Amino acid sequence: MILRDAHTVSLWQDYAGGYNVINRADPQQTYDVIIAGGGITGITTAFLLQNAGKNCLLIEAANLGYGTTGGTTAHLNTLVDVPYNTIQQHFGKEGARQVKEATAEAIQLIQHHIDRFDIRCGFEYADAYLFAQTEKEEAALKDTAEAMLLAGLDVSGAATIPVPFSFRKAVKVTGQAKFSPLPYIQRMAAAFEHIGGTILQQCRVTAVQDNDPMLIVTTLGAFRCRQFVYATHIPPGVNLLHLRCVPYRSYVLAATLADNNYPEDLSYDMQQPFHYYRTQVMDGQPYLIAGGEDHKTGHQENTEACFRKLEAHLREAFNIEDIRYRWSAQYYEPADGLPYIGRLPGQTGEIYVATGFGGNGMVYGTAAALLLKRLMLGLHSEYVKLFDPSRIKPIAGFNTFVPHNADVIKQLASRLLPAEKLEQLAGLAPGEGKLVSYEGSKIALYKDEQGALHAVDPICTHLGCEVHWNQAEKSWDCPCHGARYGIDGQVLNAPTSRNLDPHDIG
Ligand code: FES
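Everything numeric in this text was worked out from a predicted model, so none of it was measured.

1. Focus on the sheet that holds strand β22 (residues 475-477)
Thought 1: Across the sheet, 4 strands lie side by side as β21-β22-β23-β24; this open sheet has antiparallel pairing. Looking at strand neighbours, the two that pair on one side only are β21 (468-470) and β24 (491-493), the edges of this open sheet.
Thought 2: Two strands pair when backbone bridges link them, and strand β23 (residues 484-485) and β24 are joined in this way by 2 bridges, in the antiparallel orientation. Along β24, the bridge assignment pairs Arg 484 with Asn 493.

2. Concerning the pairing of strand β9 (residues 214-218)
Thought 1: What you see with β9 is a clean split: Met 214, Ile 216 and Thr 218 sit on the buried side and Leu 215 and Val 217 on the side with no burial.
Thought 2: Summarising the sheet, strand β8 (residues 205-209) and β9 pair through 4 bridges and their orientation is antiparallel. The partner of Val 208 across the bridge, within β9, is Ile 216.
Thought 3: Adjacent in sequence and paired antiparallel, β8 and β9 are bridged by 4 residues.
Thought 4: The sheet contact formed by β9 and strand β10 (residues 221-230) spans 5 bridges and is antiparallel.

3. Some details on the state of the cysteines
Thought 1: Scanning all chains against the criterion turns up 1 disulfide.
Thought 2: Bridging Cys 465 to Cys 480, the disulfide has an S-S length of 2.0 Å. The disulfide joining Cys 465 to Cys 480 has a torsion of about -95° about its S-S bond and is therefore left-handed. Residue Cys 465 is located in the loop between β20 (453-456) and β21, and its partner Cys 480 is located in the loop between β22 and β23; the two are separated by 15 residues in the primary sequence. Just as Cys 465 is buried, Cys 480 falls in that class too.
Thought 3: This cysteine, Cys 245, is not joined by any disulfide, and Cys 480 carries the nearest cysteine sulfur, 14 Å off.
Thought 4: Here Cys 245 falls in the buried class, since its relative accessible area comes to 1%.
Thought 5: No disulfide involves Cys 306; its sulfur sits 18 Å from the nearest other cysteine sulfur, which is in Cys 478.

4. Section: the packing of helix α2 (residues 40-51) against helix α3 (residues 84-117)
Thought 1: One way to put it is that α2 packs onto α3 with a least axis distance of 13 Å and a crossing angle of 70°. Classified by the angle their axes make, α2 and α3 are roughly perpendicular. Crossing geometry of α2 relative to α3 is assigned as left-handed. Contact with α2, carried on its side by Thr 44, Phe 47, Leu 48 and Asn 51, involves Leu 109, His 113, Arg 116 and Phe 117 of α3 and no other residues of that element.
Thought 2: Taken together, the residues of the contact of α2 with α3 break down into 4 nonpolar, 3 polar and 1 charged.

5. Observations regarding the packing of aromatic side chains
Thought 1: One pass over the full model with this rule turns up 20 aromatic pairs.
Thought 2: Considering the side-chain rings of Tyr 15 and Tyr 287, the 6.2 Å spacing of their centres and the 80° angle between planes classify their relative orientation as edge-to-face. With a gap of 272 residues between them, Tyr 15 in helix α1 (residues 11-15) and Tyr 287 in strand β14 (residues 285-296) connect regions that are remote in the sequence.
Thought 3: Its relative accessible area of 3% is what places Tyr 287 among the buried residues.
Thought 4: Here Tyr 364 and Phe 387 contribute two aromatic rings whose centre-to-centre distance is 6.2 Å and whose plane-to-plane angle is 75°, an arrangement assigned as edge-to-face. Here Tyr 364, found in helix α8 (residues 361-376), pairs with Phe 387, found in the loop between α8 and α9 (401-414); they are 23 residues apart in sequence, far enough to count as distant. By the burial criterion, Tyr 364 is buried, and Phe 387 matches it.
Thought 5: Put simply, the rings of Phe 131, Phe 165, Phe 167, Tyr 277 and Phe 318 pair up and form one aromatic cluster.
Thought 6: Of note, Arg 343 hangs over the ring of Tyr 352, and the distance from its end group to the ring centre comes to 5.7 Å.

Cut-off values and rules
Residues numbered from 1 in each chain as written. Predicted model: local features only at pLDDT ≥ 70, side-chain atom pairs only at ≥ 80, totals over all residues. Heavy atoms only, no water. Pairing = 2+ DSSP bridges. Helix = DSSP H or I, 4+ residues; strand = E, 2+ residues; numbered from the N terminus. Buried < 20%, exposed > 50% of the residue type's maximum accessible area, 1.4 Å probe, protein only. Disulfide = S-S within 2.5 Å. Axes fitted to C-alpha atoms, helices over the stretch in contact; angles between N-to-C directions. Parallel < 35°, antiparallel > 145°, perpendicular 65-115°, else oblique. Left-handed = near helix turned anticlockwise from the far one by under 90°. Contact = heavy atoms within 4.5 Å. Nonpolar A, V, L, I, M, F, W, Y, C, P; charged D, E, K, R; others polar. Phe/Tyr/Trp six-rings, centres within 6.5 Å; stacked < 30°, edge-to-face > 60°. Lys NZ or Arg CZ within 6 Å of the ring centre and 35° of its normal.

Here it is, written out as structure tokens:
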């Protein structure tokens, strides 16, 4: 089993063995491209560039698939989470059409790789069903369906849906797909190395010196390159993109069913937040994979309750035999609904970024690799402007965006103020963490199952917000830009690369 940035174990993670690298990195040579991040975005980008003649080094802070690629539910869809009427409103009819084209091209590329390298990852084309259960949702579905048709998706009314929920209206969208993500990325990583690429695992990029060539400082030494890519889900450091991407967490269960009535295809309700359902067969065993209960990172006091709510929701409709896996994962919601892919704003060197994929990381990560390849090779792409990280929209963005920034301000300000509420060490149960007041300072305190205390400074090393305890994942999560830390303060997720400061406890 590979490791993931979480305490819970995902279905994919449990079925995956580790990846053993083939080639050795050479600190003496100047690479054409260095890519940070060993998820689907980084690996696909690395493969496409190496295949086009570049000499690439991919650097992963932990193991391949450690981040959200190991925690996704791997829906491959052109029916993206942001409704097409919203995309159309922000980016025009042509922009919505381009989103459909870019995501369809990404699915085709994944299928092409699977065929070319004979990857056994359970890839299947599927239809997607979007269903409304209330009058209000029905009106929203009508608007969304009209916009999808205009954008070129194949949409039609559906009299039935694959999941056993009552509904008022539903539409079917063809041309979607599903797969198991880790066999795919591991095989693509091997394909990358077989054509001369190099991978470094357990190596964190700690600094990028923007010279020519650029110097990429890592925990395993420094490497030089001409072009650099942050495929790290969100770039580290402090950047405008941190104000344009809001971190969320989503909850997933993988269950076996007593009646074997596993739903075919992909299904989505229209609740806020919405639920998503599909089936994947792993080594002959089918699993219902269902997710939802999303919330902004660090904003849910009781993360265990998210799993309980999701389970209760599923048990209402499905004949659940056993909940085999439960996990949560992080995603970044972009302010105006589309990812940011291209040159990193504010940098003079050739530094590229891909972030803000929302809940569509597998398709947007692949679309990002295609776009980055074209950009970095100086080729034409019609999507450059659409996904440009420097774009400034005249709109304020989603309504979740402004509160997010207000939240940043609140969190930064709270550092300057005395703690509003004192919490005592007493009352901390084994396996529990909380912020407590200790000799006038706040500390992030965790008591492990053996009763030992682990204490760290709760001030996020990115921009100084105060981290919150995530009981389900046993992590300290930053509500501002989504950095996450383990119980001893070790970094689990960017945008920071520095651990929380530990406290000694006498
Ligand atoms: Fe930015 Fe914590 S992630 S302040």
